[in-house]
Amino acid sequence: MTVMASPPPNEQEDEDMLVPRSGLVEGPQPREASEAADRTADNQPAEDPRTAKFSWKIEDFSRSSMKKLYSGVFDLGEYKWRILIFPKGNNAEFLSMYLDVADSASLPYGWTRYAHFSLTVVNQVHSKYSVRKETQHQFNARENDWGFTSFMPLGELYDPSRGYLVNDTCVIEAEVAVYKADPWSYDSKKETGFVGLKNQGATCYMNSLLQTLYHIPYFRKAVYHMPTNVNDMPSASISLALQSLFYKLQYSGNSVATKELTKSFGWDTYDAFLQHDVQELNRVLCEKLEEKMKRTVVEGAIQQLFEGHHMNYIECINVDYKSSRKESFYDLQLDVKGCHDVYASFDQYVAVEHLDGDNKYQAEQHGLQDAKKGVLFIDFPPVLQLHLKRFEYDYVRDIMIKINDRYEFPLQLDLDRENGKYLSPDADRTVRNLYTLHSVLVHSGGVHGGHYYAFIRPTLSSEWYKFDDERVTKEDMKMALEELYGGEEEHLMQANPGINNTTHFKFTKHSNAYMLVYIRESDKDKIMCQVEEKDIAEHLRERLKREQEEKEQKKKEKAEAHLYSIVKVACDEDFNWQIGKHVFFDLVDHDKVRSFRVQKLMPFNIFKEEVAKEFGIPVQFQRFWLWAKRQNHTYRPSRPLTHFEEAQTVGHVRDLCNKVQNAELKLFLELELGPDLRPITLPDRVKDDILLFFKLYDPEKEELRYVGRLFVKDVGKPIDILTKLNEMAGYAPDEDIEIYEEIKFDPSVMCEHINKMSTFKSSQLEDGDIVCFQKSLPAEVSQRLRCPNVPSFFEYRHNLQVIHFRPLDKPKEDAFCLQLSKLDTYDEVVERAAQQLGVDDPSKIRLTSNNSYSQQPKPHPIKYRGVDNLLDMLLHYNQTSDILYYEVLDMPLPELQGLRTLKVAFRNAANNEMDIHNIRLPKESTVSDVLDDVRMKAKLSHPEAELRLLEVFTHRIYKIFSSSEKIESINDNYWTLRAEEIPEEEKNLGPHDCLIHVYHFMNEENQNQMKIQNFGDPFLLAIHEDETLAHIKTRLQKRLLVPDEEFSKWKFASVSQGRAEYLEDSDILFARLQRSGVAWEQYLGLEHIDNTPKRSTAANQYRPPYEKAVKIYN
């Protein structure tokens, strides 16, 4: 362990779902925590935190059979700490990692400790790719561990080419800073005049953007002027929800919730725990608002604020020809890598590209011409949004990386500099493009997760504020800017405590600017306008005033809750209405009966007068029974109140049946009605009376209903009341009936037959028990009925569930719902679904189960008859879902399962584009069959072209498949299959020829060592015995179409086992590449810069597979 003398770390938090570690390895997490719950204030009291760094090396990592592993213990802040990991994930396809208070069991009652900590999985090959996540937490006896269930994908961790496991050893680091102060006693409104936004779990990216937009007054006013209706609901109207949120930010004294807004987006709880990109949300939200503003008084407001225009041009050098195209933009993406500040990024943005050599421009009527290509700006918007490209794709390693390089940005940005070098000839030079920095959105963390917050100066004065979810603080911008530039900072590290031997170490800053918002000086007065209450629709003001009054009322009720009790009164009328419609088990749903809020000190006899007014039953005709929850989880009337108890207070009566603080008092009101349906005096109840409730079941109609209650003697027998039961049911007096006792229904149904000749006492019947009865049925009738008796009906009802069916390609949208039994077979379920979808053949329906934790489809569909019943389809660990996803196939599922589907890449001969072909063949097919299929689908250079199939991984060819190899053995989950035409020169290789592997590579320095990194498309090349490198280079340049100037910079090497031996033009390759060894470990290497055309760097590119696109559904 190394003790570090360092300042408190910056606040930041990864937005993976932060959860306390469960002691159970299987099943869902018992508790989930949001960022908002554990993130604390920036301005800690004046106390230097105690800080420690701990390193843990785990050998034989992949061979460990332990579900969880603990590190050694390290001391810090009077506590003992340790790291806990789940190497195979804690019910997730991710490494799960937590910080744990190791001695929590022995700590004194009420202990608590606030810690800011980071956990890191070290990349032992490239340290810059280490995965590091930070968070804060108030540790206590209940939550003595905290961390990340989804720290990093297991696929990346266990991939040996990634560098996280070297020699099967994993290195994990923890940095912990411990504070003593309570960080929650802070009032943002009081300290700054502003309030924050509550975090729903992982919505800090949204909060920082909303605060930035809110503090652009022109934008806020435009939102207020969007037409909304008094009958609109904020949860269903983006316009109203945003108006409501902005109003509360403007006038509320406390932090504001965003749930109404996210509901208006069509998001659920799962979306609130998904990490998204703030740039992407900005675009999607503005597009949605622009759409909502059409044909309203604020139409065009988004464009007026954010829209600028630039001109893409191509101009020929030797002939008079120029082509240009005007395009609009709402934001600009600026390069960070290789640029030291914003101006350098703009220089790069407008840099001229020369089109010459093999890359000449095809000009109309002039043929191929030397030309220059570039971008210039026609006009800039009043509000300029600059998105900094902190994330980029590493083509060599096939992963996203974050660029933490130092990058400066000025408080004033002059885009007219150097005589308007960024402007096109058509630009209006009378507009002064001088901008003032308004806000900075910050990303703290790495590729796999992070935390967003914003620095804003709301009035463009010198006062800056940090908006970090619920917390708003005033900030010194000079200090903040230095932090937000990124780069590295230097620390002193003391290797051995007590010994004066400090060393200087540099650490990368993971918190840095991600988005900049500038406001043009000439538009400042218009943009930073006053937003007054009159700008807000009257119905919105009244609605929010009403909401505030209701909130205050609830607050008052909560404060007075200890003085009141909620009393719920059920009677026969409720049983008649609910049983068979809303309730099948037990007697009543207490949430649907009449409820009274009464003072605990009210005498119960006075409460009876309130009941008399509500029910119209005079006090003398009322008798109240207490309900009791039995050990089998049923809820039944247990005994009547005594005269003495009714003379007590309501609070005293409540305490008779429930000791839980502020629990409800539930009562059954017994009353009798005469022939004229008027209440009459209740009969006296004697000691041996038992109150039973009766339900009648009709097996033909599968209907259950309540028919009344009776007092019976405990020594009496059911046979004594058969006539009365037939009368209650409307049957003939001598109708033969079967009688059952309804005992329990959770977790399983228990309903037992009652012997008519046994006494009620010997049948163990007591007050409140429920007796169900039905007509006796002949055997032949019973056999044709689905539920011929009461137990089978209860079993059927117990297993009924409404299932939401969703298309697999639209997993958020319910297509239809079906009420099915969990015991329905696979065939019954798909048949019902096929009927609903109008599909003639149910076997063409393929179902996929739901992941109850992520609320997403599971990765693999359900196989044909692969489960016994519906329950098996719905279970995920110990959670039961109510969602199934479906596909309608173009062939029966059994037939499809007999086929193997492979994805095969093939470079189209017509346009040189790489196409992906889905090849579907019987499992017993061979590679030859695959190539025949490719031949039919692909664009070949000529019909008779001969093909081969290669296995490619990490830009190397690992296998050339034999045409006779069975496809069933091919694994295309991680490897890429590539089909290609065999060049003529390779078809008839003689004894003096050989086929070599040719790979592109770069040499990267890591820890003072050079490491080869392959990239691009690998390929095979036939060479001759006496062929020199010079001759081969000529062939390679022709094959790869590389311009002379660029090709002259390439180097050529014989590469074996990661080492490159550079070649001279006179070298004979045949001898150099004929050593023993594995083919892909010995190859001709082409060393050059990767000039592969980069894909778009938009915010949603290269999104990790576990991160979903931002969507606003409404």
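Residues numbered from 1 in each chain as written. Predicted model: local features only at pLDDT ≥ 70, side-chain atom pairs only at ≥ 80, totals over all residues. Heavy atoms only, no water.

## Overview of a nonpolar patch on the surface
In step 1: A contiguous nonpolar patch, built from Ile960, Leu989 and Leu995 and spanning about 210 Å² of accessible area, is present on the exposed surface.
In step 2: Positionally, Leu995 belongs in strand β54 (residues 993-1006).
In step 3: According to the relative accessible area criterion, Leu995 is partly exposed, its value standing at 33%. (Patch = residues over 30% accessible without salt bridge, like charges linked within 9 Å, V, L, I, M, F, W, Y side chains within 5 Å. Areas by Shrake-Rupley, 256 points an atom, 1.4 Å probe, with all protein chains shown as cover. Salt bridge = Lys/Arg side-chain N within 4 Å of Asp/Glu carboxyl O. Helix = DSSP H or I, 4+ residues; strand = E, 2+ residues; numbered from the N terminus. Buried < 20%, exposed > 50% of the residue type's maximum accessible area, 1.4 Å probe, protein only.)

## Here's the deal with the side chain of His451
In step 1: Assignment of secondary structure puts His451 in strand β24 (residues 449-456).
In step 2: There is a polar contact of 2.6 Å between the side chain of His451 and the side chain of Asp468. (Polar contact = N/O pair within 3.5 Å; in protein donor to acceptor, adjacent residues only side chain to side chain.)

## Regarding the pattern of salt bridges
In step 1: Enumeration over the complete set of coordinates arrives at 67 salt bridges.
In step 2: Residue Asp523 is joined to Arg520 by a salt bridge in which the shortest nitrogen-to-oxygen separation is 2.7 Å.
In step 3: What makes Arg520 buried here is its relative accessible area of 7%.
In step 4: The partner of Arg935 in a salt bridge is Asp932, with the nearest N and O atoms 3.1 Å apart. Pair noted here: Arg935 and Asp932 are both in helix α26 (residues 927-937), with a separation of three residues, about one helical turn.
In step 5: A residue is classified by how much of its surface remains accessible, and Arg935, at 28% relative accessible area, is partly exposed.
In step 6: Overlapping salt bridges bring together Asp586, Arg630, Arg636, Lys695, Glu742, Glu766 and Asp769 as one network.

## Topic: the packing of aromatic side chains
In step 1: For the structure shown, the criterion picks out 47 aromatic pairs.
In step 2: The interplanar angle of 45° and the centroid separation of 6.0 Å between the aromatic rings of Phe117 and Phe139 together place this pair among those described as tilted. Of the two residues, Phe117 sits in strand β8 (residues 112-121) while Phe139 sits in strand β9 (residues 131-140), which places them 22 residues apart along the sequence. Each member of the pair, Phe117 together with Phe139, is buried.
In step 3: Sitting over the ring of Tyr453, Lys466 keeps its end group 4.2 Å from the ring centre.
In step 4: The ring of Tyr731 carries Lys775 above its face, with NZ or CZ at 4.8 Å from the centroid. (Phe/Tyr/Trp six-rings, centres within 6.5 Å; stacked < 30°, edge-to-face > 60°. Lys NZ or Arg CZ within 6 Å of the ring centre and 35° of its normal.)

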